[in-house]
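# Close look at the chain arrangement
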Amino acid sequence: MSSSSQAPAARRTLNRGRVASSLCHIDPQGQSDQQIEGVPEFIHINRNDFSYRKHIKQKENDIAICECKYKANDPDSACGERCWNVLTSIECTPRYCPCSIHCKNQRFQKREYAKTKLFRAEGRGWGLLATENIKAGQFVMEYCGEVISQTEARGRSQVYVSQGLKDVYIIPLNARECIDATKKGNLARFINHSCQPNCETMKWSVLGEDRVGIFALRNISVGTELTYSYNFEWYSGAKVRCLCGATRCSGFLGGKPCGFQEDSFVWEKNNERYSGGDKPSSSLGPKKRLKHDHNGGSRPLSGKQVDAKYVAQFLASKEAQEEVLKNEEERKEASSHLASVYREIEPAIEDHDMYGPANVPTDVAEKWIGASCRKLKAEFNLHSSIIRNLICPPQRAPEEAKPSAGDPDHEIK
């Protein structure tokens, strides 16, 4: 988040409610129940609005199907906490889930929001109160808005500043897109910041699209204000004082970003700069900063390559030396193949912003996994052959003992 127009993830929450208007209060399900004076004007939407691109059409091969089996005497069996999709933050796809209508892992799609209401937050404009008890880990609501590109987000930030808008609601969605709830959004836009929040933001994959949800960090009782950390990151400009009132308040908005932004990965081609993660490793997810070695493979910057030729000269037998050198050649071939596969699938990764296992097409994942496994196997064979021949060198057949001269025990009698 930023205090300047240069930041694509800018959000300002001070002096909310300055736009004098009379709007209907809208509950989580989109129902109008009362008039509230002074609510900032915006268009209420129940799902993300796309203008610069079309929705991603989920391919059948990319649908993640869990192995849950519904049992009438065990409600949690219908895609509960143990569901593979739940554990990987993927919502089940209707008509494909084994639990059918009993599936509990379609909360974004069915808008299974917690009950909340707007209220005047003293000194902080508007906020959102829980009107029911919310359990830790419960899905509170989706953060909805206009899905726009990072370039558009930067442009809009500058326009909003020039228009004198005090409240800007732009958050990152993934490496290339943001959600702008400034003009179009839902009640999630009113959730205030806290240095000790009771909620957090999490990114989920829903029908092939990335979506952001608000989830409870702990049990929240009725009448408690909902908050989460905005995770501001200052680029320039004066700091803004934090008014959250938390015991451990940092005093100012700004600090090291965390939360769901940790799931946003950026890798710029031909650029050594990395943000949030690194160039994909063998797990199809950013783990360690990598570079290409002279053999075409990728390795951690801090790692050391085994010099097989150097090690082979210390091996006693010619057979051991040949075995190590053969395994080294196989490792080189596997590394070169892995680099070739990455160059082949790189356009698909960049075009669709697919740096997470949940979003990678099946055919792309199979190629990458196969090449990665081949390289890992070759490295294992190389290292194990070196260790085996160094620690347990092959033993020569013992020669028959010859009697020594003057040994009375071996004299011929």
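As named in an unreviewed UniProt entry, the protein is Histone-lysine N-methyltransferase ASHH1, taken from Vitis rotundifolia.

Right, let's talk about the pattern of salt bridges for a bit. The final tally for this structure, using the stated rule, is 13 salt bridges. Residue Arg82 is joined to Asp74 by a salt bridge in which the shortest nitrogen-to-oxygen separation is 3.4 Å. For Arg82, a relative accessible area of 56% puts it in the exposed group. A salt bridge links Arg124 to Glu225; the nearest nitrogen and oxygen atoms lie 2.8 Å apart. Placement of Arg124 in the loop between strand 5 (116-120) and strand 6 (126-130) and of Glu225 in the loop between strand 14 (209-216) and strand 15 (227-228) is noted, with a sequence separation of 101 residues between them. Residues participating in the shared-partner salt-bridge network are Glu146, Glu152, Arg156 and Asp180.

With antiparallel pairing, three strands are arranged side by side in an open sheet as 7-14-13. The open sheet has two free edges, formed respectively by strand 7 (139-142) and strand 13 (199-206), since each of these has just one partner strand. Averaged over all neighbouring strand pairs, the angle between strand axes comes to 35°, with direction disregarded. Of the strand pairs in this sheet, strand 13 and strand 14 are connected by eight bridges, and their pairing is antiparallel. In the strand pairing of strand 14, Glu200 is matched with Phe215.

As a further point, take the sheet that holds strand 9 (residues 170-172). Strand order across the open sheet formed by four strands is 4-8-10-9, with mixed pairing between neighbours. Only two strands of the sheet have a single neighbouring strand rather than two, namely strand 4 (49-50) and strand 9. As paired elements, strand 9 and strand 10 (residues 177-180) share three bridges and run antiparallel to each other. Its bridge partner being in strand 10, Ile171 is matched across the sheet by Ile179.

Let's shift gears to the side chain of His193. Position of His193 relative to the elements: it lies in strand 12 (residues 192-193). In terms of polar contacts, His193 uses its side chain to reach the backbone amide nitrogen of Tyr230, at 3.1 Å.

If you check helix 3 (residues 150-162), its first and last C-alpha atoms are 19 Å apart, about what 13 residues at 1.5 Å a residue would give, namely 18 Å. If you check which residues of helix 3 are buried, you get Gln150, Ala153, Arg156, Ser157 and Tyr160. Across the axial projection of helix 3, the buried residues extend over an arc of 110°, all falling on one side. Turned more than 90 degrees from where helix 3 packs its buried face, Thr151 and Ser162 sit exposed. For helix 3, the secondary structure elements touched by its buried residues are strand 8 (146-149), strand 9 and strand 10. Gly164 lies just past helix 3 and shows a positive phi near 80°.

A word on the confidence of the model for the protein. When pLDDT is averaged along the protein, the result is 74; 67% of the residues meet or exceed 70. Confidence over residues 1-26 falls short of pLDDT 50; this stretch has 127 contacts with residues more than four positions distant or in other chains.

Okay, the state of the cysteines next. This model, assessed by the stated rule, comprises zero disulfides. A disulfide-free cysteine, Cys68 has its sulfur positioned 3.7 Å from the sulfur of Cys83, the nearest such atom. Left unpaired, Cys242 is separated from the closest cysteine sulfur, that of Cys244, by 3.6 Å. The class of Cys242 is buried, set by a relative accessible area of 8%.

All told, the structure shown has 10 aromatic pairs when counted by the stated rule. When the centroid spacing of 6.0 Å and the interplanar angle of 15° are considered together, the rings of Trp204 and Phe215 count as stacked. One end of the pair, Trp204, is in strand 13; the other, Phe215, is in strand 14, and 11 residues separate them in sequence. Across the pair, Phe215 and Trp204 agree in class, each one buried. Ring geometry for Tyr310 and Phe314: centres 5.2 Å apart, planes at 70°, overall edge-to-face. With a relative accessible area of 48%, Tyr310 lands in the partly exposed category. On the basis of relative accessible area, Phe314 is assigned to the exposed category, the value being 54%. For the cation-ring pair, Arg189 lies above Tyr169, with the distance from its terminal atom to the ring centre recorded as 4.2 Å. Residue placement shows Arg189 over the ring face of Phe190; its charged tip is 5.0 Å from the ring centre.

Located in the positive-phi region is Arg111, a residue other than glycine, with phi close to 50°. Locating Arg111 in the fold gives a position in the loop between helix 2 (107-110) and strand 5. Its identity is not glycine, yet Leu207 carries a phi of approximately 55°, on the positive side. Tracing the backbone shows Leu207 in the loop between strand 13 and strand 14. Its relative accessible area of 32% is what places Leu207 among the partly exposed residues.

Rules behind the numbers
Residues numbered from 1 in each chain as written. Predicted model: local features only at pLDDT ≥ 70, side-chain atom pairs only at ≥ 80, totals over all residues. Heavy atoms only, no water. Salt bridge = Lys/Arg side-chain N within 4 Å of Asp/Glu carboxyl O. Buried < 20%, exposed > 50% of the residue type's maximum accessible area, 1.4 Å probe, protein only. Helix = DSSP H or I, 4+ residues; strand = E, 2+ residues; numbered from the N terminus. Pairing = 2+ DSSP bridges. Axes fitted to C-alpha atoms, helices over the stretch in contact; angles between N-to-C directions. Polar contact = N/O pair within 3.5 Å; in protein donor to acceptor, adjacent residues only side chain to side chain. Expected span 1.5 Å × (residues − 1). Arc of directions from axis to C-beta. Contact = heavy atoms within 4.5 Å. pLDDT = per-residue confidence, 0-100. Disulfide = S-S within 2.5 Å. Phe/Tyr/Trp six-rings, centres within 6.5 Å; stacked < 30°, edge-to-face > 60°. Lys NZ or Arg CZ within 6 Å of the ring centre and 35° of its normal.

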